[in-house]
Structure formats: C-alpha cells, structure tokens
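So you can see what is in the structure, the chains are spelled out below.
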Amino acid sequence: MGKSRTTKFKRPQFNAVGLPVNAVKEAAVEEEQLGEDSCPAAELLEKLESPSADVREFACASISRVVQQSQTIPGFLQRDAVRRLGPMVLDSSLAVRETATGALRNLSACGGQEVCENMVKHDVMTPLTALLRECCAGFESAVVLYKQVDTHCLHTVTEDNPELLCSMNTAVLGALDNVLLTSQPSMAHSLLRTLAAGTLWNLKASLPAARQAQTLGAVVATLSQCLALDAGTIIPELRQAEEARDRNAPAVTDGEDAAAAEPAMEEMDEEEEEPKQKKNGKAVKVDNDFSDLGKEELREATALLTAQQTSLEIIVNMCCSDDPSDDEWEEESSSDESDNGPDSLSDGMSNLMSPLCLSAEVHEALINHSIPEKVLKKTEFPKTDAMDVCHQNPSWRGLIKKMQRVQSRALTCLHSILSAMDAESLGGPAALQGAAQHLSTLVFGIPKDEEFLEAVISAMRSLLQMIASKNIPQCMTPQQLMSLSEAATRCDVVSVRVNAVAILGITGSTLAKEKGTAGTLQMIGNALLHVATRDADLVVNGEALDALFDVFADGDEAETAAKNIQLLPALKALQPVFKAKIRKEGRGKYSPQQLCVLDNIKVNLRRFIGYLEKVVKK
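Residues numbered from 1 in each chain as written. Predicted model: local features only at pLDDT ≥ 70, side-chain atom pairs only at ≥ 80, totals over all residues. Heavy atoms only, no water.

Colleague: Please explain the pattern of salt bridges as it appears in this structure.
Modeller: Side chains carrying opposite charge are able to pair once their charged atoms draw close together. Inspection of every chain in the model, using the stated rule, returns 17 salt bridges. For Lys-470, the salt bridge is made with Glu-424, and the minimal N-O distance between the two is 3.5 Å. Separated by 46 residues along the polypeptide, Lys-470 in the loop between α21 (450–469) and α22 (478–490) and Glu-424 in the loop between α19 (398–420) and α20 (428–443) bring together distant segments of the chain. Here Lys-470 falls in the partly exposed class, since its relative accessible area comes to 39%. (Salt bridge = Lys/Arg side-chain N within 4 Å of Asp/Glu carboxyl O. Helix = DSSP H or I, 4+ residues; strand = E, 2+ residues; numbered from the N terminus. Buried < 20%, exposed > 50% of the residue type's maximum accessible area, 1.4 Å probe, protein only.)

Laid out in structure tokens, this is it:
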C-alpha cells in the first residue's frame, strides 16, 4: 500500500546506579508499602535536604525507581522536583551525583515531551552541563559511570526539544565534542562517546553552520567505531577474564561479596522488568541480586551492547526526515499518482516503496564510514559463541536478550538505510543479492519473537523492492513464499502481515515478466486472495489487493494464472464486501490517512476489474 517509515527511537528508562544492595531493597519495600494510589513525592523530596549523604542517595535512588511509574510523575513536578534535584548532580558525594542524574534521566525518559520541556524551563541544563564540563576535565574510571548517566539525561532531554536549542552554548557543545575525541578503549567509554554523539545529533540545528559538516563527520565516525566492535568476540573474552579473576581472587562470603559490589547501570525496557511474585493478591517486583552486575567484565559487556543498540537507533533517526508523520506507521497508496484515465491502472502501482528524505551530507557521511556494511554485519549477530557463554552463567543470561535486540535494531536500521539510499550506494546488484540471501535465512530459520519478525520482514520488503527496481533476479523460492505467507497470517502484528503481503506482491510482479511462471503466480494469487478476503484488518486487506493489482497487471503468464484461479469472479464477489467494510468500520478504527489509502484502493479495485473484463474478452 505504499512506503513504511521507521518510527524514531526514544530513549528507554534505566535503573538507578551506584546504590548499595541493601538500599535498593529498602527502596523496593518502601515503594511496595506506599501502594499504587499514594504519592511518595513529598517525603522523598524532603530527604534530599538531609545532611546525610546516605539519606540523599537513598532519596535520589527511590525517586529514580518511583518515577518509572508514570502516574507518579505529576506529583513530583507539582512539588518542584526538577529544581530540587538539579543541584544534586553537583553534590559533594559521588554516589549522590550518580543517583541524582539517574533520577533526572528516568524522569525525562518516562515523562515524555511535556516533562522534558518542564525540565528545561526549570533550568536543568545549568547543573547538567556544569557536571559534564567537570567530567570532561578528567576521564578516570571512578567518574565514568555518572558521566554516562549525565550524558544519558542530556541525550533524552535534547531529543525533539526545539525550545532547548536556544539555550545551547559553545561551552556545552565543546564539552560534547571533547567526549567524542576521547580514545579510552573501554566499553564504558564507547557508550559514553555514543551518547555524546546522539546528543550532538539532537542539537544539530543549534550548531553554527561553519561546523555542522565537521560535527556530523565526528558523530558518524563515532557510531562507525562503535559498530566496528565485534561483540561476538569481545563478550566471550570478557567472560574468560572474569573467570580468571575469580580464580585468583581470595575467597569471600556471599554477604561480603554482595555488600562490596556496586550495581551497574542497566538499560531497562518493559519486556525486561524484574520477575514478579504475588503478595496480598498483587504483583510485586522482586529485587534481583545485583552483586554480579558490579563485576567489571559484565558491566563492560552491558555497556558494549547498549552502545551498539543506541548507535543503530541514532542511525535510524538520521535516516528519518523531520516530518511529523515520522512517528507514525505510514501507509501511502501506490496509486497516489494514478492516471486520470477511467480504464487505466496507475503506472506507479508497482512503486511500493518511496525513498525517505536523506540530506546529501548525511548520505555522504554514512557511506564514507561504511555504515551500510557495518549495519548488515550486525544483522548476523548474535554469534553462537557469545550466546553459549551467556547461557552458561546465570549472571550473564540477561545479555542474551540484549544481543537479540542489537540484531533487531540492526534489521530496523537496514530497513531505514534501504529506504533512504540508492542501490549503487549500497554496493550494487551483487551486494544486494547477497543481503537478500542472508535475510532469507533469517526469515525462514528458527521462529523468532514478534519484534524480530517485524524488523526482518520490513528490511526484506525494502531490499526486495530495491532489487525489483533494478531488475535483479529475486532469491525467494515458491516454497519460501508460501511459508512466509503462512507465518504472516498467524502473526498478530499488523505491520508484519502488511509487509509479508507486500513481499508476495513484489516477487509476483517480478515473476510475471518471466516465462513459465504461471504456476507460481497461481499460488501467490490464491494466497493474496485469502488475505484480502479473510484478514480481520482493513489495512492488510487493502495491501493484499494492492499486491494483486501488481502481480496480475500485465503479461501472458499473469493472464493465464488469473484465469486459472478465477481471479475476476473472486474480485467481483469481494468488491461489495470491501466497500461495505470500509463504510462500516473505517471511521472509528482507522486514521484519516489510512482511509484515504483505502478509498484509493477501492477505486483501483473497480478499475482493475474493468481491466480483467477486457482481458477475458480478448
């Protein structure tokens, strides 16, 4: 039904850092005791004024946890939380600084655009930039954690926040530039540089014109360096280093080990919430043992995967234009430029995908730093060795989902790059064919979760459309096509079904130009008719009809296949049902843009039926 734009990525929330294990548990107990309906804001904000650093740290960490429940945020904002938390990032205690920046970051990440604007209004940038400048004066390992959290907060607050651009000054931009210029090889520093690069990208509109090209180059170079790191090799090496250190370390009791350990900064998504138990009939989060997260090697591995995921998300955002509709799944009819003649079909009906807007500067930077090749390489991740290492140790198993997410983000990033660049920029026909073969193995391999399936199907649709536009032979066998159709039919995600149907249309329209393909076209036609008739979603119905128009628009093989599957009577029977479904369900269930597309398809269905009637009479 048209092009699909990738949704821009937003920063996720994360746990407080630097908090002793017993304080984490106390915070969880206090949150549980407060209940869902009460707001702990007043008491926690009061504790920020305590002369005891431990109490201030506990308060900041508790706020960081509580604001992850978005319904609590208004209570904090009403009590001037931003103004009271801001100075804490410059506290005399390092632990308080870490947890305060974590609290501010969670507040911005979980509160959305309105909260970010409130934070800027209450001058959160003054203490944050002061902290960043202070951090940049030295890069000892003792301060790298809270530099990460500080930059995380900046990265979040600066995203889609035009009001903030006015307050940016050369000192802030210079501090971020200095972070990019650091050369420490640790994974923690790689994450820090990635976050700084993302912040500079968010602030690109505030950069002086004379330095925009230089900064863009530095940002893309940073992302390229991060993606060049081979996590599949590094993670097993880090695990071996941990084992060696453990063998040589003096024996300690479990209690001593836990008390001495410091929790690592941990990216958290909704799907990675802690296990839950039932207490008094309610679900209660259970604190995990944070002691292992304090080990340097696991923190390094976590930082590496977080840096690579963030790098891929930044590249996706680079490939998205600044149009407001980028944040929505867009479906544009391939008939938008249709011929005005009553009996003709649109010349643009086969243009399922239109390229996104990508500036020449960004395009050149991405190509110069081999970003497409590195993104494609990341779609092959995770490697078996790294997965095996993580499976073998309970403390490292949490990295498995992070490795899988890096692969999913790489696939989404590949989709964006394919949608924004031409074939020559991506290595030409041979490179595209190789990529298609690789994606085919991912689609038809072991069943994956819906996030992965959505990412790989989107990337494959973009790639196959580009291959078709260059008249490169398609790589999918009829059996694979049918497997794809069957898998998509069972998937609950609408976008997966839409893209799978589009792939059938792209492949079928290519095969229709070849001799001896009528049998395969019949299979494709029957599959598309099944979806157009039986899928519960009108958008998927419309995509299936659009694909049918493409496959059977022209050619002797298509005419033969259309007659054999009785396409004309099938579409005549479907036409009034489709129109009635639009009239009955459309207004309340679908967006105005989707309805516009569906109306175009309804018109094209009438024209296509007229075309088939002429074919029958020949």
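Okay, back to it.
Colleague: What exactly am I supposed to notice about unusual backbone geometry here?
Modeller: Trans peptide bonds make up most of the peptide bonds, and negative phi angles are found at most residues other than glycine. For Ser-370, which is not glycine, the phi torsion reads 55 degrees and is therefore positive. Although it is not a glycine, Gln-566 sits at a positive phi angle of roughly 55 degrees. On the secondary structure map, Gln-566 appears in the loop between α26 (556–564) and α27 (567–589).

Colleague: Help me out: how do you make sense of the nonpolar core in this one?
Modeller: Across soluble globular proteins, nonpolar side chains show a tendency to be buried alongside one another. Core analysis: the biggest nonpolar cluster contains 137 residues, and Ile-315, Met-318, Leu-366, Leu-545, Phe-552, Leu-567 and Leu-571 have the highest contact counts within it. Counting residues in each nonpolar core, the second largest holds 32 residues, with Ala-81, Met-88, Ala-100 and Cys-110 among its members. (Core = buried A, V, L, I, M, F, W, Y, C linked by side-chain atoms within 4.5 Å.)

Colleague: How should the packing of helix α3 (residues 53–66) against helix α6 (residues 94–121) be read in this particular structure?
Modeller: If you want to describe how two helices pack, look at the angle between their axes and the distance between the axes. Axis separation between α3 and α6 bottoms out at 8 Å; the angle between their running directions is 20 degrees. As summarised for this structure, α3 and α6 are arranged roughly parallel, according to the angle between their axes. Crossing hand, α3 versus α6: left-handed. Of the residues in α6, those touching α3 at Ala-53, Arg-56, Glu-57, Cys-60, Ala-61, Ile-63 and Ser-64 are Ala-95, Val-96, Thr-99, Ala-100, Gly-102, Ala-103 and Asn-106. In terms of residue class, the contact of α3 with α6 is built from 8 nonpolar, 4 polar and 2 charged. (Axes fitted to C-alpha atoms, helices over the stretch in contact; angles between N-to-C directions. Parallel < 35°, antiparallel > 145°, perpendicular 65-115°, else oblique. Left-handed = near helix turned anticlockwise from the far one by under 90°. Contact = heavy atoms within 4.5 Å. Nonpolar A, V, L, I, M, F, W, Y, C, P; charged D, E, K, R; others polar.)

Colleague: Explain the packing of aromatic side chains here, please?
Modeller: The geometry of an aromatic ring pair comes down to the distance between the two centres and the angle between the two planes. Counted according to the given criterion, the structure contains 2 aromatic pairs. Geometrically, the ring pair formed by Phe-549 and Phe-608 is tilted, given 5.1 Å between the ring centres and 45 degrees between the ring planes. In this pair, Phe-549 is assigned in helix α25 (residues 538–551) and Phe-608 in helix α28 (residues 592–617), connecting sequence segments 59 residues apart. Taking the relative accessible area as the measure of exposure, Phe-608 reaches 0% and is therefore buried. Ring geometry for Phe-608 and Tyr-611: centres 5.7 Å apart, planes at 35 degrees, overall tilted. One end of the pair, Phe-608, and the other, Tyr-611, are both in helix α28, 3 residues apart, so they sit about a helical turn from each other. Residue Phe-608 shares its accessibility class with Tyr-611, and that shared class is buried. Put simply, the rings of Phe-549, Phe-608 and Tyr-611 touch in pairs and so form one group of aromatic residues. (Phe/Tyr/Trp six-rings, centres within 6.5 Å; stacked < 30°, edge-to-face > 60°.)

Read these as layout, nothing more, since geometry by itself doesn't imply function.
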